[in-house]
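Structural features, examined
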Amino acid sequence: MPLLTRKTILRLSLSLVAATALTGSMSFAALAKDKIVLIVNGALGDKSFFDSANHGMELIKEKYGDDVETRVLEVGDDATKWEPALLDVSEQDYNIIIGGTYSLSETLGEVAKQYPDKKYILFDASLPFEEGGFENVYAINYKQNEGSYLGGVLAADLVKSGKLGADGALGFLGGMDIPVINDFLVGYIAGAQSVTPDIKVAVSYAGSFTDAAKGKELSLAQYRAGVVLAFNAASQAGLGQLSAAKETGKYALGVDSDQEAIFAESDPGIASQVVSSVLKNVDVSLLAAYDRIKDGTLPWGSVEALGLKEGAVGIVETGNFAKLASPETVAAVNAAKEKIASGEIQVPTAFGMTTEALNALRDSVRP
């Protein structure tokens, strides 16, 4: 039998596909699978936000196996590269394109309008859905103020009880002075004030989500000025705070992921200073969104705000939390959790807050 050439093989394959389609014994739909790409407008390795999104892709792959293809594309923090990257993947055969953060939202929205046959998921941001034109986009907002409230209750109670070995102020490090970051701050302050009404909170902003050196510099200044425990919402810049906590022997409240567990093996010195972490469960929310795509219930063309009630935010209650928190502290955190989920406690938010009101709040807690 003569050897088959590549052209012959291709011709036979095409003939088989055509014959199969004609007989109806196999459809394209049966062969098709979802191809999902996550655009990271930064870099993995932040041990928090983007790593959580990456884990969400891993959860989807783990659950759906060969029925789905997933890819994660890191495009860096140079905003000029984001639109070309989104356009590129939209031109390819990905049918679900995922991206996050407020800074990517406008670009993703504009690209989504150009590719109405593709589906886009935007997390930790929203679009002007009321204006129309985004019927192929689903957006997720997180009630990070609710998780941060629990962090504030824990932080203030640990200081008040003397469990951290010294009395002093709390600290906060934000990546940027923007609403989504200030939403962490506002919830954190509210939770802390529920325990100690006159609590003091030192507030700093790194002006970056990637500058860990700046984050460390600002955090060292806070710790040396009397801060006992500090919370960060700063992505990779926040890793500088964790390093400063290790260096000074002070304490930190992690963010987005369980940062104590993440550093347990690679840097036990950091892990020992992380009392807990306020969770923004990006990973869980992305898996839940894909589950709803599969069962046809995802509300395209809209934004949903997910909080404690939906399991989208929370606080780590294992590890150092379990070692440091007294039964009274655990009870206080759990009570706050239940009251927030039921609506009895309405946690204040930075969204819609005027600059004047936000400044007044920060001034009122300044050490």
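Details of the structure are given in the entry above.
Here is a short report on the structure shown in this document. Treat the numbers as computed from the prediction; the structure is a model and nothing was measured.

Most of strand S8 (residues 227-233) sits out of view: 7 of its 7 residues are buried. Relative to S8, strand S6 (residues 169-174) is paired through 6 bridges, and the arrangement is parallel. Considered in S8, the bridge of Leu 173 is made with Asn 232. Where S8 lies against strand S9 (residues 251-256), 3 bridges are found, and the strand directions are parallel. Its bridge partner being in S9, Ala 230 is matched across the sheet by Ala 252. In this fold, S8 hands off to helix H9 (residues 239-248), which returns the chain to S9; that crossover is right-handed.

Reading across from one edge, S7-S6-S8-S9-S10-S12 is the order of the 6 strands in this open sheet, with mixed pairing throughout. On the outer flanks of this sheet lie strand S7 (201-205) and strand S12 (313-315), each paired with one strand and no other. Averaged over neighbouring strand pairs, the angle between their axes works out to 15 degrees when direction is ignored. Direction of pairing for S6 relative to S7: parallel, over a ladder of 5 bridges. By the bridge assignment, Leu 173 is partnered in S7 with Ser 204.

Within the structure shown, the criterion is met by 8 aromatic pairs. Taken together, a centroid distance of 5.3 Å and an interplanar angle of 70 degrees make the contact between Phe 49 and Phe 50 edge-to-face. The two residues Phe 49 and Phe 50 agree in class, both being buried. For the pair Phe 129 and Phe 134, a centre-to-centre distance of 6.1 Å together with 75 degrees between the ring planes defines the contact as edge-to-face. Phe 134 matches Phe 129 in its accessibility class, with the two residues each being buried. An aromatic cluster of three or more residues is present, and its members are Phe 172, Phe 184, Tyr 188 and Phe 231. Sitting over the face of the ring of Tyr 94, Lys 35 holds its NZ or CZ atom 5.4 Å from the ring centroid. The cationic tip of Lys 47 hangs over the ring face of Phe 263; the distance from NZ or CZ to the ring centre is 5.8 Å.

The geometry of helix H6 (residues 144-161) relative to helix H7 (residues 179-195) is characterised by a closest axis approach of 6 Å and an angle of 40 degrees between their N-to-C directions. As the angle between them shows, H6 and H7 are arranged oblique. Taken as a pair, H6 and H7 cross one another with a handedness that is right-handed. Residues Gln 144, Asn 145, Ser 148, Tyr 149, Gly 151, Gly 152, Val 153, Ala 155, Ala 156, Asp 157 and Lys 160 of H6 lie in contact with H7, whose contacting residues are Val 180, Asp 183, Phe 184, Gly 187, Tyr 188, Ala 190, Gly 191, Ala 192, Ser 194 and Val 195. Looking at the contact of H6 with H7 residue by residue, the class counts come to 10 nonpolar, 8 polar and 3 charged.

In this structure, Ser 276 sits in strand S10 (residues 274-280). In this structure Ser 276 comes out as buried when scored by relative accessible area, which is 2%. A distance of 2.6 Å separates a polar side-chain atom of Ser 276 from the backbone oxygen of Val 316. With residues near it in sequence (within four places) discarded, Ser 276 still touches Leu 154, Ala 252, Leu 253, Gly 254, Ile 315, Val 316 and Phe 321.

A few words on the environment of Gly 147. Residue placement: Gly 147 occurs in helix H6. Residues Gly 147 and Val 255 lie 108 residues apart in sequence; the distance between their C-alpha atoms is 9.7 Å. In contact with Gly 147, not counting residues within four places along its chain, are Val 278, Val 313 and Gly 314.

Here Lys 47, not a glycine, exhibits a phi torsion of approximately 60 degrees, which is positive. Relative to the elements of secondary structure, Lys 47 occurs in the loop between strand S1 (34-40) and helix H3 (49-64). For Ser 235, which is not glycine, the phi dihedral falls at a positive 55 degrees. Residue position: Ser 235 is located in the loop between S8 and H9.

Here is what the cut-offs are and how they apply
Residues numbered from 1 in each chain as written. Predicted model: local features only at pLDDT ≥ 70, side-chain atom pairs only at ≥ 80, totals over all residues. Heavy atoms only, no water. Buried < 20%, exposed > 50% of the residue type's maximum accessible area, 1.4 Å probe, protein only. Helix = DSSP H or I, 4+ residues; strand = E, 2+ residues; numbered from the N terminus. Pairing = 2+ DSSP bridges. Right-handed = clockwise from strand over helix to strand, strands pointing away. Axes fitted to C-alpha atoms, helices over the stretch in contact; angles between N-to-C directions. Phe/Tyr/Trp six-rings, centres within 6.5 Å; stacked < 30°, edge-to-face > 60°. Lys NZ or Arg CZ within 6 Å of the ring centre and 35° of its normal. Parallel < 35°, antiparallel > 145°, perpendicular 65-115°, else oblique. Left-handed = near helix turned anticlockwise from the far one by under 90°. Contact = heavy atoms within 4.5 Å. Nonpolar A, V, L, I, M, F, W, Y, C, P; charged D, E, K, R; others polar. Polar contact = N/O pair within 3.5 Å; in protein donor to acceptor, adjacent residues only side chain to side chain.

Everything listed here is a matter of geometry and, on its own, says nothing about what the molecule does.
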